[in-house]
Amino acid sequence: MSRLVVVSNRVAVPGENRAGGLAVGLEAALGARGGLWFGWSGKVVREDSGRLHEQEAGDVKYVTMDLNRADHDAYYNGFANRTLWPLLHSRLDLVDYARETRAGYRRVNMLFADRLAPLLRDDDVLWIHDYHLIPLAALLRDRGVRCRIGFFLHVPMPSADLVSALPEHGRLFGTFFAYDLVGFQTVRDADRFRTYARIFGGASVDADGVVKLPGGGSVAVGAFPIGIDAHRIAQQSAAAINKSAVRALRESLSGRRLAIGVDRLDYSKGMPERFRAFARFLERHPAERGKLTFLQIAPVSRGDVAEYQHLRDQLEGIAGHINGTHAAPDWTPLRYVNRNFPHPTLTGFYRLASVGLVTPLRDGMNLVAKEYVAAQDPDDPGVLVLSMLAGAAAELDAALLVNPYDLDGVADAIARAAAMPLAERRERWESMMRPITGYDIHAWCRAFLGRLTGSAG
Ligand SMILES: O=P(O)(O)OC[C@H]1O[C@H](O[C@H]2O[C@H](CO)[C@@H](O)[C@H](O)[C@H]2O)[C@H](O)[C@@H](O)[C@@H]1O
Ligand SMILES: O=c1ccn([C@@H]2O[C@H](COP(=O)(O)OP(=O)(O)O)[C@@H](O)[C@H]2O)c(=O)[nH]1
């Protein structure tokens, strides 16, 4: 079997515990197969960017690269997270059009290519991840790299019209055509990419959905919805009930039911709208006051970026207002916690919650939705309230699907979830578990790599 080389900005180096679905997913996939994982070290240094660090754990070798402040600001805080992230999440109002950050993004991608190329062999299979590294295959090809190269976009692919709002979009999005395979979270994302390739790349699309480029050459395109390690999460959540943090949470509820939200503090996750929808639930269903406590876990993310700082301020204001308005001397309706929790603890929290609230305004997949379901007690499962604008909604259509902008709709879904009879809860849970266990993180990895290498997978 060829060596697998995975490249992503975020690397889950052993011992690191940081929220984010990409790292969680790749950790499970690489851990099972072994290989090399290359990416940013997570360190911002004073000296020049580019110093490499190596370590090994099990069959995985980690090679990570430091970035200095200027590069990190332009590439990660700048073009990746202030230009591409809002663009790809359909937030044109938040897109930063600065040219300097674009140059920094290209500079860092070139540095990735310079450092990675000498480590590669012709028979490697190279799998590059996410919007931070779109041009990397083209830059590696310039450096003589000949192995198969695939790319997976973890975030949504917006419509061609939306992409065209990015100045010189063709220079960046045209570099997708250097890959052998480009994968997306949903069929609709893949179709939007094909449409972009036809309109702006002059490409045609054959009956198998392969993009045929005008100058010859082709790019295979497919939908590969990322999964979770469902079996592990089910085991962890059953065991987590004995963890002190989980026991403490259960005792603190004094017999009340729990609704839970778990998200990086990111404007794509729809937390202000979710908080308001919870308040609307208390107003529209007054008999429910005091019976359901909402715990929102929201670890700070991309805290150097102004839009994320603004969101944090905004959420503190809304949370304070909701508790000021609705709390009773013996009940706080909303608990808002800016802390990152290790996975085993989170799975115990999920299992305690009768309602899982996953209401992003736009999300590539949303692994929390799948984790919440996998962590439930099969004999007494909770109910997932899920945004129809999350990639996960394509598979989890037995959730209570909501429009996250429709506060009354979300409020009523919370009420329905909290009151749902056991038989319906079980039926919905079993239906959601079928895709979650049938197409888990290992199947995702096999499906993508099977297509990339032309094997059955
Ligand atoms: O690396 P960070 O800047 O700290 O951000 C964390 C990750 O956020 C995004 O995750 C996406 O990937 C998930 C797994 O496929 C998916 O479920 C979710 O919908 C996406 O938002 C980002 O795309 C990653 O690159 C980041 O590492
Ligand atoms: O305190 C936390 C909060 C979140 N997560 C994990 O971070 C990932 C978030 O992935 P998701 O796809 O939902 O969204 P992303 O953050 O990647 O946009 C999930 O595996 C969560 O369990 C975590 O480990 N600790």
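Since we're looking at a predicted model, the values are computed, not measured.

Visitor: Quick one: what's the story with the site of ligand 1, residue by residue and with numbers?
Guide: Contacts to ligand 1 come from 20 residues, most closely from Arg10, Tyr76, Asp130, His154 and Asp363. Between Tyr76 and ligand 1, the recorded distance is 2.5 Å, taken from a side-chain N or O atom to an oxygen atom. Here an oxygen atom of ligand 1 sits 3.0 Å away from a polar atom, N or O, in the side chain of Gln185. Coverage of ligand 1 by the protein chains reaches 97% of its 550 Å² of free accessible surface. Mapped by element, the contributors of at least two residues to the shell around ligand 1 are α1 (21-33) and α2 (69-88). Class assignment for the residues of the shell around ligand 1 results in 8 nonpolar, 7 polar and 5 charged. Counting the residues that make up the shell around ligand 1, at least three belong to each of domain 1 (4-227 + 441-453) and domain 2 (230-438).

Visitor: I'd love a proper account of the packing of aromatic side chains, names of residues and values included.
Guide: For any two aromatic rings, the description comes down to two numbers: the centre-to-centre distance and the angle of the planes. Enumeration according to the criterion identifies 27 aromatic pairs in this entry. Ring plane angle 35 degrees and centroid distance 5.6 Å describe the contact between Trp40 and Tyr76, whose orientation is recorded as tilted. With Trp40 in strand β2 (residues 35-45) and Tyr76 in helix α2, the pair connects residues that are 36 residues apart, well separated along the chain. On the accessibility criterion, Tyr76 (8% relative accessible area) is buried.

Visitor: So what's going on with the domain arrangement of the chain? Which residues, and what values?
Guide: Segmentation of the chain into domains returns domain 1 (4-227 + 441-453) and domain 2 (230-438). Placing a centre on the C-alpha atoms of domain 1 and another on those of domain 2 gives a separation of 30 Å. On the domain 2 side, the residues contacting the 27 residues of domain 1 number 25 residues. For the pair domain 1 and domain 2, the summed buried area comes to about 2,000 Å², and 58% of that belongs to carbon and sulfur atoms.

Visitor: Quick rundown of helix α16 (residues 441-453)? Include the residues and the values.
Guide: For α16, built from 13 residues, the straight-helix expectation of 18 Å at 1.5 Å per residue is met to within 8% by its first-to-last C-alpha distance of 18 Å. Along α16, the residues that are buried comprise Ile441, Ala443, Trp444, Cys445, Phe448, Leu449, Gly450 and Leu452. Residues of α16 that are buried sit in contact with β1 (4-8), α1, β5 (125-129), β6 (148-152), β7 (181-184) and α15 (422-438). Between the side-chain oxygen of the N-cap and the backbone nitrogen of His442 there are 3.1 Å, and the N-cap of α16 in question is Asp440. Positive backbone phi, approximately 75 degrees, marks Gly454, located one or two places after α16.

Visitor: Before we move on, can you summarise the state of the cysteines with the specific residues and values?
Guide: Chemically, a disulfide is nothing more than a covalent bond linking the sulfur atoms of two cysteines. Scanning the entire structure with this criterion turns up 0 disulfides. Free of any disulfide, Cys147 has its nearest cysteine sulfur in Cys445, 16 Å distant. When its relative accessible area of 1% is taken as the criterion, Cys147 is described as buried.

Visitor: Kindly report on the pairing of β7, identifying the contributing residues and their values.
Guide: Burial along β7 is two-sided: the face carrying Leu181 and Gly183 and the face carrying Val182 and Phe184 are both buried. Note that β6 and β7 share 3 bridges and pair parallel. Its bridge partner being in β7, Phe151 is matched across the sheet by Val182. Alignment of β7 against strand β10 (residues 218-223), held across 4 bridges, turns out to be parallel. Of the residues in β10, the one forming a bridge with Gly183 is Gly222.

Visitor: How would you sum up the environment of Gly290? Please name residues and give values.
Guide: Residue position: Gly290 is located in the loop between α10 (271-284) and β12 (292-297). Along the sequence, Gly290 and Asp330 sit 40 residues apart, while their C-alpha atoms lie 8.8 Å from each other. Discounting chain neighbours no more than four positions away, the residues touching Gly290 are Arg256 and Trp331.

Visitor: Could you give an account of the site of ligand 2, with specific residues and numbers?
Guide: Contacts to ligand 2 come from 18 residues, most closely from Gly21, Arg264, Lys269, Phe341 and Glu371. One of the backbone nitrogen or oxygen atoms of Gly21 is found 2.6 Å away from an oxygen atom of ligand 2. Between ligand 2 and the protein, one listed contact pairs an oxygen atom with a side-chain N or O atom of Asn340 at 3.3 Å. Here ligand 2 loses 93% of its free accessible area of 540 Å² to cover by the protein chains. Looking at the shell around ligand 2, the elements with two or more residues in it are α1, α12 (343-352) and α13 (367-374). Partitioned by chemical class, the residues of the shell around ligand 2 number 9 nonpolar, 5 polar and 4 charged.

Visitor: Give me the lowdown on the sheet that holds strand β15 (residues 383-387), citing residues and values where you can.
Guide: Read across the sheet, 6 strands follow the order β13-β12-β11-β14-β15-β16 without closing on themselves; strand pairing throughout is parallel. Each end of this open sheet is capped by a strand with a single partner; those strands are β13 (334-337) and β16 (400-402). The sheet shows a mean angle of 20 degrees between the axes of neighbouring strands, direction not considered. Looking at chain direction, β15 and β16 are connected through 3 bridges and run parallel. When the bridges of β16 are listed, Ser387 appears paired with Val402. Sheet strands in contact with α10 are β11 (257-262), β12, β13 and β14 (355-358), and its direction is about 175 degrees off that of β12.

What counts, and at which threshold
- Residues numbered from 1 in each chain as written.
- Chains lettered and ligands numbered in written order.
- Predicted model: local features only at pLDDT ≥ 70, side-chain atom pairs only at ≥ 80, totals over all residues.
- Heavy atoms only, no water.
- Near = heavy atom within 4 Å.
- Polar contact = N/O pair within 3.5 Å; in protein donor to acceptor, adjacent residues only side chain to side chain.
- Areas by Shrake-Rupley, 256 points an atom, 1.4 Å probe, with all protein chains shown as cover.
- Helix = DSSP H or I, 4+ residues; strand = E, 2+ residues; numbered from the N terminus.
- Nonpolar A, V, L, I, M, F, W, Y, C, P; charged D, E, K, R; others polar.
- Domains from an automatic or database assignment.
- Phe/Tyr/Trp six-rings, centres within 6.5 Å; stacked < 30°, edge-to-face > 60°.
- Buried < 20%, exposed > 50% of the residue type's maximum accessible area, 1.4 Å probe, protein only.
- Contact = heavy atoms within 4.5 Å.
- Buried area = accessible area lost by both parts, 1.4 Å probe.
- Expected span 1.5 Å × (residues − 1).
- Disulfide = S-S within 2.5 Å.
- Pairing = 2+ DSSP bridges.
- Axes fitted to C-alpha atoms, helices over the stretch in contact; angles between N-to-C directions.

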